[in-house]
Structure formats: structure tokens, C-alpha cells
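So the chains spell out like this:
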Amino acid sequence: MEIFQDVVCPVCGCLCDDIEVSVENNKIVKARNACAMGTTKFLNYNNDRIPSPMIKNNGVQKPVSLEECIEKTAEILVKAKYPLIYGLSLSSVESVKVAIELTEEVGGVLDNQTSVCHGPGVQGIHDIGESTGSLGEIRHRADLIIAWGANLQEAHPRHMERYSYTSKGRYRNGKEDRNLIVIDVRETLTAKAADKFIQIEQGKDFEFINALRTALRLEQIQKDKVAGVPVEEIEKLAEVLRSCEFGVIFFGQGVTQVNGKGRNIDGLFSLTRDLNSWTKFLIMPARGHFNVAGVNQVATWQTGFPYAIDLSRGYPWYNPGETTIIDIIRRGESDATLVVGSDPIAHFPPAISKRLINTPLISIDPAHSMTTMVSDVVIPSSFAGIEYEGLAYRMDGLCLPLKKLVKEPDNTMSDEKVLKMILAKVRELKKVN
Ligand code: SF4
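Fair warning: this is a prediction, and the values are worked out from it, not measured in the lab.

Observations concerning the packing of aromatic side chains
And then number 1: All chains considered together, the criterion is met by six aromatic pairs.
And then number 2: With 5.5 Å between their ring centres and 85° between their planes, Tyr45 and Phe383 make a pair best called edge-to-face. Separated by 338 residues along the polypeptide, Tyr45 in the loop between helix 1 (36-44) and strand 4 (54-57) and Phe383 in the loop between strand 19 (377-380) and strand 20 (390-393) bring together distant segments of the chain.
And then number 3: Classification of Phe383 by relative accessible area gives buried; the value is 12%.
And then number 4: Ring geometry for Phe305 and Tyr318: centres 5.1 Å apart, planes at 20°, overall stacked.

Considering the nonpolar core
And then number 1: Core analysis: the biggest nonpolar cluster contains 40 residues, and Ile19, Val21, Ile28, Phe42, Ile138, Phe250 and Leu405 have the highest contact counts within it.
And then number 2: Filtering out sequence-adjacent residues up to four positions away, Phe42 remains in contact with Val7, Val8, Cys9, Pro10, Ile19, Val21, Ile28, Ala31, Ala34, Ile386 and Leu405.
And then number 3: Listed in part, the 39 residues of the second largest apolar core include Val298, Tyr393, Met413 and Ile422.

What to know about the side chain of Ser369
And then number 1: If you trace the backbone, Ser369 turns up in the loop between strand 18 (361-365) and helix 17 (370-374).
And then number 2: A polar atom in the side chain of Ser369 sits 3.2 Å from the backbone nitrogen of Thr371.
And then number 3: Setting aside its immediate chain neighbours within four residues, Ser369 contacts Ser342 and Asp343.

What to know about the pairing of strand 6 (residues 84-87)
And then number 1: With three bridges connecting them, strand 6 and strand 7 (residues 109-111) associate as parallel partners. Following the sheet pairing, Ile85 is matched in strand 7 by Leu110.
And then number 2: For the segment spanning strand 6, helix 3 (residues 93-106) and strand 7, crossover handedness is right-handed.

Let's talk about the side chain of Asp274
And then number 1: Turning to its location among the elements, Asp274 is positioned in helix 12 (residues 261-275).
And then number 2: Judged by its relative accessible area of 16%, Asp274 falls in the buried class.
And then number 3: At 2.6 Å, the side chain of Asp274 and the side chain of Arg213 are in polar contact.

Quick notes on empty space enclosed by the protein
And then number 1: Under the defined criterion, the tally for this structure stands at two cavities of 30 Å³ or more.
And then number 2: The calculated volume of the largest cavity comes to roughly 90 Å³.
And then number 3: If you go around the largest cavity, you meet 14 residues; those closest to its centre are Cys9, Cys12, Cys16, Cys35 and Arg158.
And then number 4: For the lining of the largest cavity, the per-class residue count stands at 11 nonpolar, two polar and one charged.
And then number 5: Among the domains, domain 1 (2-43) and domain 3 (119-285) are the pair contributing at least three residues each to the lining of the largest cavity.
And then number 6: Lining the second largest cavity we find Trp148, Gly149, Ile183, Asp184, Val185, Ile200, Asp205 and Gly254.
And then number 7: Class assignment for the residues of the lining of the second largest cavity results in four nonpolar, two polar and two charged.

Describing the sheet that holds strand 13 (residues 246-251)
And then number 1: Reading across the sheet, the five strands line up as 10-9-8-13-14 and stay open at both edges, with parallel pairing between neighbours. In this open sheet, the two edge strands, each paired with only one partner strand, are strand 10 (196-199) and strand 14 (280-285). Averaged over all adjacent pairs, the angle separating strand axes in this sheet is 15°, with direction ignored.
And then number 2: Bridge count for strand 8 (residues 144-148) against strand 9 (residues 179-184) is five bridges, and the pairing is parallel. In the strand pairing of strand 9, Ile146 is matched with Ile181.
And then number 3: Contacting strand 8, strand 9 and strand 10, helix 9 (residues 205-216) crosses the sheet at an angle of about 150° to strand 8.
And then number 4: In the packing of helix 12 onto the sheet, contacts are made with strand 8, strand 13 and strand 14, and the angle to strand 14 comes to roughly 160°.

Here we look at unusual backbone geometry
And then number 1: Here Leu15, not a glycine, exhibits a phi torsion of approximately 40°, which is positive.
And then number 2: Along the chain, Leu15 falls in the loop between strand 1 (2-7) and strand 2 (19-24).
And then number 3: Judged by its relative accessible area of 0%, Leu15 is buried.
And then number 4: Within the chain, Asn33 stands out as a residue other than glycine whose phi angle is a positive 80°.

Notes on the site of the ligand
And then number 1: Near the ligand, the surroundings consist of Cys9, Val11, Cys12, Cys14, Leu15, Cys16, Cys35, Met37, Gly38, Pro157 and Arg158.
And then number 2: Among the cavities detected, the one that contains the ligand is the largest cavity.
And then number 3: Tallied by class, the residues present in the shell around the ligand amount to nine nonpolar, one polar and one charged.

Some details on the domain arrangement of the protein chain
And then number 1: Along its sequence, the protein chain is carved into domain 1 (2-43), domain 2 (51-116 + 290-432) and domain 3 (119-285).
And then number 2: Contact with domain 2, which involves 10 residues of that partner, is made by 15 residues of domain 3.
And then number 3: Regarding the contact of domain 2 and domain 3, the summed buried area is about 920 Å², with carbon and sulfur atoms giving 58% of it.
And then number 4: Area buried by domain 2 at its contact with domain 3 is led by Arg394, Met395 and Asp396, which between them contribute 54% of it.
And then number 5: Where domain 2 packs against domain 3, one counts zero salt bridges.
And then number 6: Counting the contacts that link domain 2 with domain 3 gives four residue pairs in polar contact (both at pLDDT 80 or more).

About the criteria used
- Positions within a chain are numbered from 1, following the residues in the order the chain's sequence is written.
- Since the coordinates come from a predicted model, pLDDT governs what is reported: local features require at least 70, and pairs of side-chain atoms require 80 or more to be given and counted, while whole-chain, interface and lining totals use all residues.
- The basis for every side-chain value is the complete set of heavy atoms in the structure, and neither hydrogens nor water enter the calculation.
- Think of it this way: a Phe, Tyr or Trp ring, Trp meaning its six-membered ring, pairs with another when their centres are within 6.5 Å, and the plane angle makes it stacked under 30 degrees, edge-to-face over 60, tilted otherwise.
- Helix and strand definitions follow DSSP, with helices as H or I runs of at least four residues and strands as E runs of at least two, each counted in order from the N terminus.
- In this scheme, a residue with accessible area under 20% of its type's maximum is buried, one over 50% is exposed, and one in between is partly exposed, where area comes from a 1.4 Å probe on protein chains only.
- In these notes, a set of buried Ala, Val, Leu, Ile, Met, Phe, Trp, Tyr and Cys residues joined through side-chain atoms within 4.5 Å is what counts as a nonpolar core.
- Residue contacts are counted whenever heavy atoms from the two residues lie within 4.5 Å of one another.
- Polar contact is the term for a pair of N or O atoms within 3.5 Å; when the atoms are in protein, one must be able to donate a hydrogen and the other to accept it, and sequence-neighboring residues count only if both atoms are side-chain atoms.
- Here, any two strands with at least 2 DSSP bridges between them count as paired.
- When the strands point away from the viewer, a crossover counts as right-handed if the path from the first strand over the helix to the second runs clockwise.
- A cavity here means a set of points on a 1 Å grid, drawn over the protein atoms and nothing else, where a 1.4 Å probe fits but cannot get out; a pocket is an open set with protein on both sides within 12 Å along at least five of seven lines, and a residue lines either one if it has an atom within 4 Å of a point.
- Grid points are joined across faces, edges and corners, and a volume is the space filled by probe spheres set on the points.
- Any residue outside Ala, Val, Leu, Ile, Met, Phe, Trp, Tyr, Cys, Pro, Asp, Glu, Lys and Arg is labelled polar, Gly included; the first ten of those are nonpolar and the last four are charged.
- For each domain, the first and last residues come from an automatic or database assignment.
- In this description, a line fitted to the C-alpha atoms serves as the axis of each element, helices being fitted only across the stretch in contact, and the angle between N-to-C directions of two axes falls anywhere from 0 to 180 degrees.
- Nearness is judged by heavy atoms alone; a residue qualifies as near a molecule or strand once a single heavy atom is within 4 Å of it.
- What decides whether a molecule sits in a cavity or pocket is whether more than half of its atoms lie within 2 Å of the grid points.
- The term buried area refers to how much accessible surface (probe radius 1.4 Å) is lost by two components on association, counted for both of them together.
- By definition, a salt bridge exists where a carboxyl oxygen of Asp or Glu is found within 4 Å of a side-chain nitrogen of Lys or Arg.

Rendered as C-alpha cells:
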């Protein structure tokens, strides 16, 4: 039995780095400290693997060699005028770097899950600026935690225990020294655990944020209720926010993907900025996939832009709403798509998924998904943080090392290696042509 200490969990944006993993005969048998989500991945990642590289022939996927798949993928990408490369939130930083190089080489667009989850939050950084910090700082100092449209308890099960509400820091002794306020449209498990739950009406976040900013400035709100919440309650909330020593807002897709989207985020970032006139206040997105933040980080170093990067002009161009994957597919502009570790067919609107399969579709993925099932080329890969090592970025922007715990199956390799092989073949074909 081999025991790995301080393993980083490759599931959600918390990237808990205290997991103890026991491995027996190249099989993970125990994952101490991991939550139910983490344990499920560590113990069951190997279920439903793609057994072999495959190419679709007369509508049926048939096993072929890896080399054939690489060649076919390179041919599709070289032939395409405007290919898309999408996903990578479950890949390492190193894989993302190669994907960007490949996108540049084929003159396409690189996008990731950010464009359908926390994109508005990323744009809020451009529009307003972000007052932020590390989860460690929050753990040691925060006495007020706000979860806004974010169900921390279910989406990031150890967030409160390790970094926020119940965590024990240097200056805060857990729950007794902190206040958790949940602002949401429904009573989630996080809301049930909170000191205070403020239920607002669906789609009224923007109004509520503005009312709160008004109350914060000690100005009068000319209504009895805003977003279904009595004005006296909003004024009391403003007072709680003003009088804390160190506050933080964690926001989720309950803010970024509802009516108002980017306007909600501009409002929340502005609210945080306003609060810093009174006290210390941070804001942070509760990011989902374990390395979705890493894609934004790497893309920003490499191209200057965090996602939806169009490299077809010979220089990077970024315009969410125009260069985001769903918009490109909706306009019928793309003519091939390479998906890395993602399942857009299951998650995109049906009309977009339908269009996606009208052009050549390639999947690099360790396990079966709806997208791999309809792909023209399927390349099996290994799992980052279990079968290959690399780096990933936590939701607060801290970079952590992922470990290799077990050997990958014989016919698979990391998506970084697969992408490098495709890139080399693309360069070879371009030279010949
Ligand atoms: S909270 Fe997230 S990162 Fe931590 S153990 Fe659970 S799934 Fe893994």
C-alpha cells in the first residue's frame, strides 16, 4: 500500500490540498479528508473509460490507432477556416498552454466553460476592478461571509470548513467568530446553515444590489420593498456590512447566469468597492471546475485575454458575445470543433448542440460523455491530478501542484501529450501543403 500525503483534489475550485490517498496495486482504495464529491472521483474515476481511440466511419465509431486519430484531427483542423477549441477546465495548466499554441497555429478560437458560467464575473474585473485576496487571508481574518447566489455547501462541500464560515483561522475561531449571510432566491443548504438568509425575488439581484448601495450611503430608498425584501431589512443589512471588520462576498452562477448577468456583477464589484470606504471587504467567484480559473490565468499570460480568444486574425481578439463559442456556433461560422474534457452536447442549448454536430467534432476525454458519443474522432486521455501531474489554479488564483497517484491505462496519455502530438502533425501538414 502506498500513501500519498497532501494530495490536491481535482474536482472543484476549492482545490483542497490536504487529501491523503491510499493506493494498492495501482488502484485508489481510500481518499481521507475528501468530501463526498472528491471521494467519488478518487474511487470511481476509472469507471466508464473510453477503451480505445475511435473514428466515425459511415456513422459508426470504430476503434483505430492513436496515430490515425491524431492524423485525422490534424487534417480536420488544418482544413477548417474557423475551428473552435473548447474545454480544458479539467486539464492542467500545461495542457492549456499547448491548446493555445494549437489554436494559434490553426487560426481558430479558444474558449472554455467560463463563457457559460463565470464569464460575467471575469468581465466585471475589466469593467470595475476586483477587490480580492486569498482564501487563506479570508480564513484567518474574515468575520462576515456573504454567499450571494452561491450554494457553497453543495457545490464546494469543504469551502466553509476549510476557508470560510466554520474554518478556524489565526484570528477567528470558526463559526462563533463569524457571521454567514446568504442572499439567494431559494433556501439552499447553505441558506439553512447561515446566521441569516435573505430571500430575494428571482431576477431582481440588480435592483437589490442598488438598493443596498443606496442604504450603504445612508440615502433614502423611495420604496417599501425591493426585490421582495422590506427596506428596513435592507438598511439593517447595510449596517451589518458597514460594521464588520473583514467581509467577503462569494458569488455564484445564481448571480452570473440570471437576468442582469454582467450588470449584476458590475453592481456587486461596485458594492465591494463602496464597502472599502467603510471597512475591509473582498469579493470572489465560487468557481466550479477545478482548473477553470487556470484556463483564464494561462490564456491571459499568453494572449492578454481570459477566454473566448479569437486567434484567426494573426493576433488575439476578444469580444464576449461575438467570440464566445455559443455565439459563433449560433451564427454558423465555425467549421470544426475540438473539445477537451468537456461535454457541451449535454450542457449547451439543444439548438446549439445540433449545429455543433453538423461540423466535424473531435473529443479528447478520459471517459464517455454525450459529446464523445457523437464525435467524429475520439481520443482517450488520462485524468489530471490522478494519472498525470501538473498545475491548477484555485478559485482565489493560487497555483497548486496536482499529483500523479496511479499509472494511466496503456492506451492513454495526458491531454497535454495528445495536444502536442496534434500540434506537431498540424505543423507537418501545413509545411507539406
Ligand atoms: S470541496 Fe471540492 S476540492 Fe475539496 S474535497 Fe470536496 S470536491 Fe474536492
